[in-house]
Amino acid sequence: MNGDGVTDGWSARRDRVVSAALVRLRRFPRDDPAWTQARDEAINAAIPLARRIARRFSFRGEELDDLTQVALVGLIKSVDRFDVAQGVRFERFAAPTMLGELRRHFRDRGWTLRVHRRLQELHLEINRTIPQLCQRLQRTPQVGDLATHLNRDPDEIRAGMACASAYAVGSLNSMVSTGGSLAELGELLGEADARLESLADQHVVRQAIAALPQRDRHLLALRFTDDLTQAEIAQRLGLSQMHVSRLLNRCFTQLRASLGDQAQLRP
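Residues numbered from 1 in each chain as written. Predicted model: local features only at pLDDT ≥ 70, side-chain atom pairs only at ≥ 80, totals over all residues. Heavy atoms only, no water.

Caption draft 1: View of the overall build of the protein chain. If you tally the helices and strands in the protein chain, you get 12 helices and 2 strands. Overall, the protein chain shows an N-to-C arrangement of helices and strands of α-α-α-α-α-α-α-β-β-α-α-α-α-α. The buried share of the protein chain, reckoned over its 267 residues, is 33%. When contacts within the protein chain are restricted to residue pairs at least 6 apart in sequence, those whose partners lie at least 24 apart make up 53%. When the accessible surface of the protein chain is split by element, carbon and sulfur atoms take 51% of a total near 17000 Å². (Helix = DSSP H or I, 4+ residues; strand = E, 2+ residues; numbered from the N terminus. Buried < 20%, exposed > 50% of the residue type's maximum accessible area, 1.4 Å probe, protein only. Contact = heavy atoms within 4.5 Å. Areas by Shrake-Rupley, 256 points an atom, 1.4 Å probe, with all protein chains shown as cover.)

Now the structure itself:
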């Protein structure tokens, strides 16, 4: 049995089959068909070990077949790297390699939303630490407990815990209960933005204003951006209020001509 308990049921007989195939493998050059045959035999004999290790991670929301494929990558690496002369059982060498492949898979590709690797690793470290502290403290550890144990700032711990929500997100198509009836989650989120209907009008108005002379654009900015009255504009520009009114009316006449009859512009 491996120290992690991941190879329960892996028989010594099967280990000997793999080792025997690996012994033959080392006798042949890589371009010899006998090398390929021995390698395939070793891999096929160890597939149950890969499946058993992959099942350890089956509760994390990914298909077991996909996890088995990841474990098989580690198995193939183990077969290619294993040194029979060391006298170590194959499963004791291969199991950590396959576990490493699976952990890297979840760290790098198992997150629905991309999270910085530093936070991913902190999140995993927190998850490993919580059971230890639960046993020691006889209660659920708080942020302060985790920060002290891991020698981290409490804000770092909160960030590491919060990023768990990025690991697996809910589908907008999932059904939720709403007062006795069911509805899709996406139908309950957000609301219609009334400003969307005015976006096209705003774009047309901006184009019409951009076509005005610089002096007219400045006058409109004083009136509507700075929110000055005609009297205040007149005082700032050294003009009479009547003259300012005539200038604004001329601007609006030009804008109405550009925008058509839909424009409802007032000085």
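The discussion continues.
Caption draft 2: Up close: unusual backbone geometry. The backbone of Gln138 shows a phi angle near 60°, a positive value even though the residue is not glycine. With respect to the helices and strands, the residue Gln138 is situated in the loop between helix H5 (117-137) and helix H6 (143-150). Gln138 sits in the exposed class, given a relative accessible area of 65%.

Caption draft 3: Local environment of the pattern of salt bridges. Inspection of the entire model under this criterion finds 14 salt bridges. Linking Arg118 and Glu156 is a salt bridge whose minimum nitrogen-to-oxygen distance equals 3.9 Å. Separated by 38 residues along the polypeptide, Arg118 in helix H5 and Glu156 in helix H7 (residues 154-162) bring together distant segments of the chain. Accessibility expressed as a relative area gives 27% for Glu156, which makes it partly exposed. For Asp145, the salt bridge is made with Arg139, and the minimal N-O distance between the two is 2.8 Å. Within the structure, one salt-bridge network assembled from shared partners comprises Arg118, Glu125, Arg152 and Glu156. (Salt bridge = Lys/Arg side-chain N within 4 Å of Asp/Glu carboxyl O.)

Caption draft 4: Local environment of the packing of aromatic side chains. A full pass over the atoms with the stated rule returns 3 aromatic pairs. Ring geometry for Phe82 and Phe90: centres 5.3 Å apart, planes at 85°, overall edge-to-face. Each member of the pair, Phe82 as well as Phe90, is classed as buried. A network of ring pairs unites the aromatic residues Phe82, Phe90 and Phe93 as a single cluster. The ring of Phe224 carries Arg223 above its face, with NZ or CZ at 5.3 Å from the centroid. (Phe/Tyr/Trp six-rings, centres within 6.5 Å; stacked < 30°, edge-to-face > 60°. Lys NZ or Arg CZ within 6 Å of the ring centre and 35° of its normal.)

Caption draft 5: Spatial organisation of the nonpolar core. Counting 30 residues, the largest nonpolar core has Leu22, Leu75, Val79, Phe90 and Met98 as the members making the most contacts within it. Mapped onto this core, the elements with two or more residues apiece are helix H1 (12-25), helix H2 (33-55), helix H3 (64-81) and helix H4 (90-109). For Val79, the contacting residues outside a window of four places in its chain are Leu22, Leu25, Arg26, Arg39, Ala42, Ile43 and Phe90. (Core = buried A, V, L, I, M, F, W, Y, C linked by side-chain atoms within 4.5 Å.)

Caption draft 6: How the structure looks around the packing of helix H9 (residues 199-210) against helix H12 (residues 241-259). Close contact between H9 and H12 brings their axes to 10 Å; oriented N to C, the two are set at 125°. Relative to H12, H9 is oriented oblique. As for the relative orientation of H9 and H12, their crossing is right-handed in sense. On H12, the residues touching Val204, Val205, Ala208 and Ile209 of H9 are Leu255, Ser258 and Leu259. (Axes fitted to C-alpha atoms, helices over the stretch in contact; angles between N-to-C directions. Parallel < 35°, antiparallel > 145°, perpendicular 65-115°, else oblique. Left-handed = near helix turned anticlockwise from the far one by under 90°.)

Caption draft 7: Representation of the confidence of the model for the protein chain. Of the residues in the protein chain, 80% reach a pLDDT of 70 or more, and the chain-wide mean stands at 80. For the stretch residues 1-8, pLDDT sits under 50, and the model shows 19 contacts to residues farther than four places along the chain or on other chains. (pLDDT = per-residue confidence, 0-100.)

Caption draft 8: Just the environment of Gln241, in detail. Here Gln241 lies in helix H12. Measuring from C-alpha to C-alpha, the distance between Gln241 and Thr229 comes to 9.4 Å, with 12 residues separating the pair along the chain. Ignoring any residue separated from it by four or fewer positions in sequence, one finds Gln241 in contact with Gln230, Ala231 and Ala234.

Caption draft 9: Geometry of the environment of Phe106. With respect to the helices, strands and loops of the structure, Phe106 is situated in helix H4. Residue classification places Phe106 among the buried residues on the basis of a relative accessible area of 3%. For the pair Phe106 and Glu62, spaced 44 residues apart in sequence, the C-alpha separation works out to 9.6 Å.

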